Amino acid sequence: DSVSYSKGAYDNATGSTCIMQALAYFKEHKPSRTVKFVWCGSEEMGLLGSKAYVAAHKEELENYKLNINVDMVGVTIGFDIACVSANTSLVNFIKYLGCEVGFAIEPRQGVYSSDSTSFADGGVPALSFARIAPQGGAQIHSHRDVMDFLEEDNYYKTCDFINLFADRLVNSVVFPVEKAIPENIKEEIEYYTGRKERK
């Protein structure tokens, strides 16, 4: 999902193909739980695709344990983040896993401007992974969103970490993520969607 004046190599071809890496991984490593792979369009127009998906699957969402969203990854110079719209225990788990396997990532609790927010708004704990480029590097929504600023090694490192993270959760004996959206996240979503104004 990108904009008309951008090539979209970084945002969002890398995120879309990272999901395909996960699909290939779980095809080879059969998961013990159901895993759905969803590509949502029109994110830049106001999360329209993910909002429509959540609305169309409202009853089904009761069975969804977690939404893992991938924004953009693979930039040569940058840093990996995870923004978690769920309890802080998931933030701590990502931090721990990163330390365990030697993957530098900055997890935090919050609301991310991407499709994970639609799922969190629908009551499904959610998070977004992304590799953020500093100023002067790759630039989303611009003519600088091209392959020149991307690196294969960084792309696969992030994809591999996301697959490991997903594998740990999907195959856990007891699913460790509480099916609840914290009150502070609910309030942030109200602000993000414009349903509530900050005082």
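Procedures and definitions
Residues numbered from 1 in each chain as written. Predicted model: local features only at pLDDT ≥ 70, side-chain atom pairs only at ≥ 80, totals over all residues. Heavy atoms only, no water. Helix = DSSP H or I, 4+ residues; strand = E, 2+ residues; numbered from the N terminus. Buried < 20%, exposed > 50% of the residue type's maximum accessible area, 1.4 Å probe, protein only. Lys, Arg positive; Asp, Glu negative; His and termini not counted. Salt bridge = Lys/Arg side-chain N within 4 Å of Asp/Glu carboxyl O. Polar contact = N/O pair within 3.5 Å; in protein donor to acceptor, adjacent residues only side chain to side chain. Contact = heavy atoms within 4.5 Å. Disulfide = S-S within 2.5 Å. Core = buried A, V, L, I, M, F, W, Y, C linked by side-chain atoms within 4.5 Å. Axes fitted to C-alpha atoms, helices over the stretch in contact; angles between N-to-C directions. Parallel < 35°, antiparallel > 145°, perpendicular 65-115°, else oblique. Left-handed = near helix turned anticlockwise from the far one by under 90°. Nonpolar A, V, L, I, M, F, W, Y, C, P; charged D, E, K, R; others polar. Pairing = 2+ DSSP bridges. Right-handed = clockwise from strand over helix to strand, strands pointing away.

Q: With reference to specific residues and values, describe the side chain of D71.
A: For D71, the location among the structural elements is in the loop between β1 (67-70) and β2 (79-85). Look at D71: it is buried, it has no salt bridge, and the nearest opposite charge is R108 at 10.0 Å. A polar contact of 2.7 Å, which involves the side chain of D71, links it to the side chain of Y112. If sequence neighbours within four positions are ignored, D71 has contacts with D11, N12, G15, E43, Y112, S114, F129 and A130.

Q: Pulling in residues and values, what's your account of the state of the cysteines?
A: Taken as a whole and assessed by the stated rule, the structure comprises zero disulfides. Free of any disulfide, C83 has its nearest cysteine sulfur in C18, 17 Å distant. Judged by relative accessible area, which is 0%, C83 ranks as buried.

Q: Please set out the nonpolar core residue by residue, giving values where relevant.
A: Of all hydrophobic cores here, the largest spans 24 residues; its most connected members are L66, L90, I94, L127, F129 and F165. Secondary-structure elements contributing two or more residues to this core are α1 (9-28), β2, α3 (88-101), β4 (126-132) and α5 (152-170). Looking at which element gives the most residues to this core, the answer is α5, with six residues. When sequence neighbours within four positions are dropped, the list of residues in contact with F129 reads I68, N69, V70, D71, M72, I81, A82, I105, F161, I162 and F165. In this structure, V54, L61, V111 and A120 belong to the second largest nonpolar core, which totals 12 residues.

Q: Please provide a residue-by-residue account of the packing of α3 against α5, values included.
A: At a closest axis distance of 11 Å, the pairing of α3 and α5 adopts a crossing angle of 120 degrees. The angle between α3 and α5 falls in the class oblique. Handedness of the crossing formed by α3 with α5: right-handed. For the pair formed by α3 and α5, the contact residues are L90, F93, I94, L97, G98, E100 and V101 on the first element and F161, L164, F165, R168 and L169 on the second. Its residues assigned to classes, the contact of α3 with α5 shows nine nonpolar, one polar and two charged.

Q: Could you give an account of the pattern of salt bridges, with specific residues and numbers?
A: The final tally for this structure, using the stated rule, is eight salt bridges. Here E60 makes a salt bridge to K36, at a shortest N to O gap of 2.5 Å. Of the two residues, E60 is situated in the loop between α2 (48-56) and β1 and K36 in the loop between α1 and α2; the sequence distance between them amounts to 24 residues. Assessed through its relative accessible area of 28%, E60 is described here as partly exposed. Of the charged contacts in the structure, one is a salt bridge between K196 and E187, with a shortest N-O distance of 3.3 Å.

Q: Pulling in residues and values, what's your account of unusual backbone geometry?
A: Looking along the chain, the bond that leaves D11 and enters N12 is cis, with omega of 25 degrees. Considering the arrangement of structural elements, one finds N12 in helix α1. Phi is positive for S42, which is not a glycine, with a value near 60 degrees. Mapped onto the fold, S42 is located in the loop between α1 and α2. Even without a glycine there, the phi angle at L47 is positive, about 55 degrees. Assignment of secondary structure puts L47 in the loop between α1 and α2. Owing to a relative accessible area of 5%, L47 belongs among the buried residues under this scheme.

Q: Any details on the pairing of β2? Residues and values, ideally.
A: By the criterion of burial, β2 is predominantly enclosed, with six of the seven residues buried. Strand direction decides the pairing type here: β2 and β4, joined by seven bridges, are antiparallel. When the sheet's bridge partners are listed, V84 is paired in β4 with L127. Note that β2 and strand β3 (residues 105-109) share five bridges and pair parallel. Note that in β3 the partner of I81 across the bridge is E106. Crossover handedness for the path β2 to α3 to β3: right-handed.

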